[in-house]
Every structure is written in structure tokens, then in C-alpha cells.
Amino acid sequence: MKIDIADALQSEGEAFAARYTGPMPPVDYAGESYAFPNGVQVEAEYLFDGQGVTITGTFAGETPVECARCLKPLMHPVSLRFAEYFSRQPEEGMYAFSGEEVELDTMLGDNVVLSLPMRFLCGQDCKGLCPACGHDLNKGACGCKPELDESHPFYGLSKLQDDEEV
């Protein structure tokens with residue numbers, strides 16, 4: 001998505017507003033792709049300082065993910081505030097622009113990635129899946145008792161519990 005900044009380039013220091021509601025390309029990060037099938041909403045304010053453009057605003061959307069414990073699909077809301085500087089001659093860590101338009105996709109994607117949790121959970125009390133049979137423990141106990149072989153790092157502890165020496 002792009003913002004036409006021609007008006008700001010003619011009025012240095014004056015703030016202008018832009019709004020966008022619609023599709024956004026998926027954000028790819030660490031082998032995962034975060035899509036926004038219901039679109040996104042972006043509200044921004046921008047101003048030209050003679051050298052570059054400062055853009056501040058908000059972003060809102062939802063991305064489909066899986067719970068890290070039970071693998072249940074869910075929609076994760078993404079809501080964030082951003083403030084970034086775009087320069088015609090960017091230094092490291094800055095975004096670039098040329099002409100009379102500023103492309104926001106990369107900047108918004110970077111901010112989305114920074115706002116995501118390390119793992120997604122359907123709820124803080126999610127019990128996950130049984131490691132032996134794969135039953136969803138949120139739906140009740142499965143009744144099996146996972147057996148640990150000698151290669152499992154907690155094998156020694158399980159022997160203590162079985163012998164009631166704990």
C-alpha cells in the first residue's frame with residue numbers, strides 16, 4: 001500500500017492524514033507466513049521535514065495461526081502503533097522513499113513481526129495434546145500413561161515417581 005505525499009512535499013512541517021482499509025500481502029518471517037484474509041485497517045499521519053517523511057499511525061488486522069499446544073486453528077488479532085522515518089537517502093535502519101509516494105508494505109510487515117508473540121495459544125489454560133496418543137487434553141483425559149524409554153531426558157525422574165521415592 002502506498003501513500004501519495006505530494007501535498008506534504010509542498011507544505012514542509014504540515015501534517016496530513018491517510019487511511020487505508022483493504023488487502024495486504026502476507027508477511028513472511030522465520031519460515032512462517034502471516035496472511036490477513038479479512039484485510040487490514042491503517043490510519044496514518046505524515047509530515048515532510050525537508051529531508052524525509054515521518055509517518056505515525058495504527059495498524060489492525062487478524063492473521064490465522066495454530067495454538068502451540070493443541071494445534072487448534074485460531075485468528076490472532078494484530079493491533080499496533082507505529083512511528084517510522086522515510087528518507088530519500090536512507091542510512092542503515094531507515095526506510096527509503098522516492099518521488100511522491102511512500103510504500104508502506106515493508107515497514108508494516110516489520111512492525112507486525114515485532115508485535116507477534118513468540119508462540120500463539122488458544123488460551124492460557126490450554127492443556128495441549130497427549131504426548132503418547134495425541135488426544136486433545138482440553139476435551140478430557142485420554143486414559144493412557146505415556147511410557148518413557150531410557151533415551152528420554154526425564155526417564156530417571158519417572159522411575160523415582162514409580163517407586164514412590166519422591
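Shown above is the structure to which this text applies.
Residues numbered from 1 in each chain as written. Predicted model: local features only at pLDDT ≥ 70, side-chain atom pairs only at ≥ 80, totals over all residues. Heavy atoms only, no water.

(A) Inspection of the overall build of the protein at higher detail. Secondary structure assignment for the protein yields 3 helices and 9 strands. Element order for the protein, N to C, with α for helix and β for strand: β-α-β-β-β-β-β-β-β-β-α-α. Against the compact-globule benchmark of 15 Å for 166 residues, the protein has a radius of gyration of 24 Å, which places it well outside the compact range. Here the C-alpha coordinates of the protein stretch approximately 80 × 30 × 25 Å along the principal axes. Counting the 166 residues in the protein, one finds 33% classified as buried. If you take every contact in the protein between residues at least 6 apart in sequence, the share linking residues at least 24 apart comes to 56%. (Helix = DSSP H or I, 4+ residues; strand = E, 2+ residues; numbered from the N terminus. Rg over C-alpha atoms; globule rule 2.2 N^0.38 Å. Buried < 20%, exposed > 50% of the residue type's maximum accessible area, 1.4 Å probe, protein only. Contact = heavy atoms within 4.5 Å.)

(B) Layout of a negative patch on the surface. Together, Asp 4, Asp 7, Glu 14 and Glu 100 give the surface a local cluster of negative charge. With respect to the helices and strands, Glu 14 occurs in the loop between α1 (6-10) and β2 (16-22). Overall, the relative accessible area of 42% leaves Glu 14 in the partly exposed class. (Patch = residues over 30% accessible without salt bridge, like charges linked within 9 Å, V, L, I, M, F, W, Y side chains within 5 Å. Areas by Shrake-Rupley, 256 points an atom, 1.4 Å probe, with all protein chains shown as cover. Salt bridge = Lys/Arg side-chain N within 4 Å of Asp/Glu carboxyl O. Lys, Arg positive; Asp, Glu negative; His and termini not counted. Charge placed at Lys NZ, Arg CZ, Asp CG, Glu CD.)

(C) Local environment of the packing of aromatic side chains. Counting across every chain of the model gives 4 aromatic pairs. For the pair Tyr 34 and Phe 120, a centre-to-centre distance of 6.2 Å together with 55° between the ring planes defines the contact as tilted. Of this pair, Tyr 34 sits in strand β4 (residues 32-34) while Phe 120 sits in the loop between α2 (105-115) and α3 (155-162), and the two are 86 residues apart along the sequence. Phe 120 carries the same exposure label as Tyr 34, and that label is buried. On the numbers, 5.6 Å between centres and 80° between planes, the contact of Phe 36 with Phe 59 is edge-to-face. Of the two residues, Phe 36 is situated in the loop between β4 and β5 (40-48) and Phe 59 in strand β6 (residues 52-66); the sequence distance between them amounts to 23 residues. (Phe/Tyr/Trp six-rings, centres within 6.5 Å; stacked < 30°, edge-to-face > 60°.)

(D) Focus on the nonpolar core. Ranked by internal contacts, the top residues of the largest apolar core, which has 37 residues, are Ile 55, Phe 59, Phe 82, Leu 104 and Leu 108. Of all the secondary-structure elements, those providing two or more residues to this core are α1, β5, β6, β7 (73-87) and α2. Look past the residues within four positions of Phe 59 in its chain and what remains in contact with it is Met 24, Phe 36, Val 40, Gln 41, Val 42, Val 78, Ser 79, Leu 80, Phe 82, Leu 108 and Val 112. (Core = buried A, V, L, I, M, F, W, Y, C linked by side-chain atoms within 4.5 Å.)

(E) Structural context of the state of the cysteines. By the definition in use, this model includes 0 disulfides. Here Cys 126 is not disulfide-linked; the sulfur of Cys 122 is the nearest cysteine sulfur, at 3.7 Å. (Disulfide = S-S within 2.5 Å.)

(F) Summary view of the environment of Lys 145. Mapped onto the elements of the fold, Lys 145 is located in the loop between α2 and α3. A relative accessible area of 60% places Lys 145 in the exposed class.

(G) Geometry of the side chain of His 76. Of note, His 76 is situated in strand β7. Residue class for His 76 comes out buried when judged on its relative accessible area of 18%. If near-sequence neighbours (up to four positions away) are discounted, His 76 is found in contact with Gly 61, Glu 62, Thr 63, Val 65, Leu 116, Pro 117 and Phe 120.

(H) Local environment of unusual backbone geometry. Located in the positive-phi region is Ala 30, a residue other than glycine, with phi close to 50°. Tracing the backbone shows Ala 30 in the loop between β3 (27-29) and β4. On the basis of relative accessibility, which here comes to 67%, the residue Ala 30 falls in the exposed class. Of note in this structure, Leu 71 is not a glycine but carries a positive phi near 65°. Along the chain, Leu 71 turns up in the loop between β6 and β7. By relative accessible area, which is 49% here, Leu 71 ends up partly exposed.

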